Amino acid sequence: MTTTYAVLLRGINVGGHRKVPMADLRSVLEGLGLRDVRTYLQSGNAVFTSDADEPAEEQLTSAIEDAIEQRFGFRVDCLVRSADYLAAVVEGCPFPAAELEGKQLHVTYFSAPVGPERFAPVDQQAFLPEEFRLGDRVLYLYAPDGLGRSKLAEALARPALVKGIVATTRNWNTVAKLVEMTRG
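Cut-off values and rules
Residues numbered from 1 in each chain as written. Predicted model: local features only at pLDDT ≥ 70, side-chain atom pairs only at ≥ 80, totals over all residues. Heavy atoms only, no water. Helix = DSSP H or I, 4+ residues; strand = E, 2+ residues; numbered from the N terminus. Rg over C-alpha atoms; globule rule 2.2 N^0.38 Å. Buried < 20%, exposed > 50% of the residue type's maximum accessible area, 1.4 Å probe, protein only. Pairing = 2+ DSSP bridges. Salt bridge = Lys/Arg side-chain N within 4 Å of Asp/Glu carboxyl O. Phe/Tyr/Trp six-rings, centres within 6.5 Å; stacked < 30°, edge-to-face > 60°. Axes fitted to C-alpha atoms, helices over the stretch in contact; angles between N-to-C directions. Contact = heavy atoms within 4.5 Å. Core = buried A, V, L, I, M, F, W, Y, C linked by side-chain atoms within 4.5 Å.

Participant: Would you explain the overall build of the protein chain in this entry?
Facilitator: In terms of helices and strands, the protein chain carries six helices and eight strands. Along the protein chain, helices (α) and strands (β) appear in the sequence β-α-β-β-α-β-α-β-β-β-α-α-β-α when read from the amino end. Taken over C-alpha atoms, the radius of gyration comes to 16 Å for the protein chain, in line with the 16 Å a tight globule of 184 residues would show. By principal-axis analysis of the C-alpha atoms, the protein chain measures approximately 50 × 30 × 30 Å. Across the 184 residues in the protein chain, those meeting the buried criterion constitute 47%.

Participant: What should I look at first to understand the pairing of strand β1 (residues 3-9) in this one?
Facilitator: Successive residues of a regular strand alternate their side chains across the two faces of the sheet. For β1, the buried fraction is high: seven of the seven residues fall into the buried class. Both faces of β1 are covered, namely the face carrying T3, Y5, V7 and L9 and the face carrying T4, A6 and L8. Where β1 and strand β3 (residues 45-50) come together, six bridges link them in antiparallel fashion. Paired with L8 across the bridge in β3 is N45.

Participant: Whenever I open this one, the pattern of salt bridges confuses me. Can you help?
Facilitator: It is possible for side chains bearing opposite charge to pair when their charged atoms get close. Applying the stated rule across the entire model yields 11 salt bridges. Across the pair R71 and D24 runs a salt bridge whose closest N-O atoms are separated by 3.4 Å. Placement of R71 in helix α2 (residues 56-72) and of D24 in helix α1 (residues 22-31) is noted, with a sequence separation of 47 residues between them. Relative accessible area serves as the criterion here: at 24%, D24 is assigned to the partly exposed category. Of the charged contacts, one joins R137 and D136 as a salt bridge, the two residues approaching to 3.7 Å between their closest N and O atoms. Taken together, the shared-partner salt bridges connect E57, R81, D136 and R137 into one network.

Participant: Honestly, the packing of aromatic side chains in this entry has me stumped. Any pointers?
Facilitator: The geometry of two aromatic rings is summed up by the distance between their centres and the angle between their planes. Summed over the entire model, instances satisfying the criterion amount to five aromatic pairs. Consider the rings of F119 and F132, whose centres lie 5.8 Å apart with planes at 65 degrees: the pair is edge-to-face. Here F119 is found in the loop between β5 (105-110) and β6 (131-135), whereas its partner F132 is found in strand β6, with 13 residues between them in sequence. Each of the two residues, F119 as well as F132, counts as buried. Put simply, the rings of F110, F119 and F132 touch in pairs and so form one group of aromatic residues.

Participant: Where do I start with the sheet that holds β5 in this structure?
Facilitator: Adjacent strands of a sheet pair through backbone hydrogen bonds, lying either parallel or antiparallel. With respect to topology, four strands assemble into an open sheet ordered β6-β7-β5-β8, the strand pairing being antiparallel. Among the strands making up the open sheet, the edge pair consists of β6 and β8 (167-171). Adjacent strand axes in the sheet meet at a mean angle of 20 degrees, parallel and antiparallel pairs treated alike. Of the strand pairs in this sheet, β5 and strand β7 (residues 138-142) are connected by five bridges, and their pairing is antiparallel. Counterpart to Y109 in the pairing with β7 is V138. Set on the sheet, helix α6 (residues 172-183) makes contact with β5, β7 and β8; between it and β8 the angle comes to about 90 degrees.

Participant: Even after reading the chapter, I still don't get the nonpolar core, so can you show me in this structure?
Facilitator: General note: in soluble globular proteins, nonpolar side chains tend to be found buried as a group. One finds V107, Y109, Y140 and W172 to be the most contacted residues of the largest nonpolar core, which totals 24 residues. Elements represented by at least two residues in this core include exactly β1, α3 (83-91), β5, β7 and α6. Here the element with the most residues in this core is α6; it accounts for five residues. Apart from the residues within four sequence positions on either side, V107 is in contact with V89, V138, L139, Y140, T168, T169, R170, W172 and V175.

Participant: Please clarify how the environment of G146 should be interpreted in this entry.
Facilitator: Locating G146 in the fold gives a position in the loop between β7 and α4 (151-156). Judged by relative accessible area, which is 7%, G146 ranks as buried. Distance in space between the C-alpha atoms of G146 and A83 is 26 Å, their sequence separation being 63 residues.

Here it is in structure tokens:
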């Protein structure tokens, strides 16, 4: 069975470090036998189809991380998610996404499920009007002034809170675009 996926690369092409040109990323993915490879932006988003058997997300993640390391000489954490999962993230958004600017709403994807106890040390009231809610392996963040000015985003990214998991964040425009790309 053919499934469409997105791969989200963490921490590439930021400030001139860990450069992964998108044309080269497409080549790496195609070299793994993945088909219909398309990239979005320079921040490490790609969509592809695969016939991989379940549990494909974990297998594909490992293969992509290994191939990137072999090609570029450094390891990049990746998350692979199916089209259905990405659509469910959009559908499950607890904030009024249609009423907000893309820069005000963000989704942090996690490599594993996270429970409220992980973020219990964060006093949400202290950061209002910024807010966050947890979903299925995601955290939804409402930051009215954008991610770059968000004190809550800074608090949520503390190493003690994300220890042991891969986390990578995308703004709502990118979240929606990846759903569109994996559906199209």
